[in-house]
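If you want the building blocks of each chain, they are given just below.
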Amino acid sequence: MANARLPEALGGAIVEPRASPLGDWFCRMRAKLGPAGAVTAAAHKLARILSRMIKTRTAFDPSKLGNPALTRLRKQSAVLGFSLPPANAGAVSSEEEMTPSRGL
């Protein structure tokens, strides 16, 4: 029975759950919907991704999946009148971060 093995195949397709945005999404869905619901949602999402790839003849781009936590933070900061810079803009190196300020 091929249908009985489908959830196992889809669950195994995401080998390292936290290694990719799709894996992160799968973990959130598993917590929200349970294992069976997450596998069903993943099957639907993968079908939509594959359909879009075939229709547009483009490669899969995981950066287009988005990050809901970052989106929520950006919206909250905008409401408060702040803006979040890109992750690499103005980044502080670990050496600078560990050096205490001497101006006190």
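This text goes with the structure placed above it.
Residues numbered from 1 in each chain as written. Predicted model: local features only at pLDDT ≥ 70, side-chain atom pairs only at ≥ 80, totals over all residues. Heavy atoms only, no water.

Undergrad: Help me understand the side chain of S77, please; the structure alone is not making it clear to me.
TA: Along the polypeptide, S77 turns up in helix α3 (residues 68–79). Within the local environment of S77, its side chain forms a polar contact with the backbone oxygen of R74, the two atoms lying 2.9 Å apart. The contact partners of S77, leaving out residues within four places of it in the chain, are F82, S83 and L84. (Helix = DSSP H or I, 4+ residues; strand = E, 2+ residues; numbered from the N terminus. Polar contact = N/O pair within 3.5 Å; in protein donor to acceptor, adjacent residues only side chain to side chain. Contact = heavy atoms within 4.5 Å.)

Undergrad: Explanation requested: α3 in the structure shown.
TA: Residues three or four positions apart in an α-helix share a direction because the helix packs 3.6 residues into each turn. Spanning 12 residues, α3 covers 17 Å between terminal C-alpha atoms, matching the ideal 16 Å at 1.5 Å per step. Phi turns positive one or two residues past the end of α3, at G81, with a value near 90 degrees. (Expected span 1.5 Å × (residues − 1).)

Undergrad: Quick question: what am I supposed to make of unusual backbone geometry here?
TA: Backbone phi values are negative for most residues with the exception of glycine, while trans is the configuration of most peptide bonds. For R57, which is not glycine, the phi dihedral falls at a positive 55 degrees. Taking the relative accessible area as the measure of exposure, R57 reaches 78% and is therefore exposed. (Buried < 20%, exposed > 50% of the residue type's maximum accessible area, 1.4 Å probe, protein only.)

Undergrad: What exactly am I supposed to notice about the nonpolar core here?
TA: Note that soluble globular proteins tend to have their nonpolar side chains buried in a common cluster. Listed in full, the eight residues of the largest apolar core are L22, W25, F26, M29, A38, V39, A41 and A42. Other than its neighbours up to four places away in sequence, W25 contacts A41, A42 and K45. (Core = buried A, V, L, I, M, F, W, Y, C linked by side-chain atoms within 4.5 Å.)

Undergrad: Please explain the side chain of K45 as it appears in this structure.
TA: Mapped onto the secondary structure, K45 falls in helix α2 (residues 21–56). One buried charged residue, K45, forms no salt bridge at all, with the nearest opposite charge on D24 at 12 Å. For K45, the contacting residues outside a window of four places in its chain are L22, W25 and L65. (Lys, Arg positive; Asp, Glu negative; His and termini not counted. Salt bridge = Lys/Arg side-chain N within 4 Å of Asp/Glu carboxyl O.)

Undergrad: What should I look at first to understand the environment of V39 in this one?
TA: With respect to the helices and strands, the residue V39 is situated in helix α2. As for V39 and M29, which are separated by 10 residues in sequence, their C-alpha atoms are 8.6 Å apart.

Geometry only, nothing functional implied.
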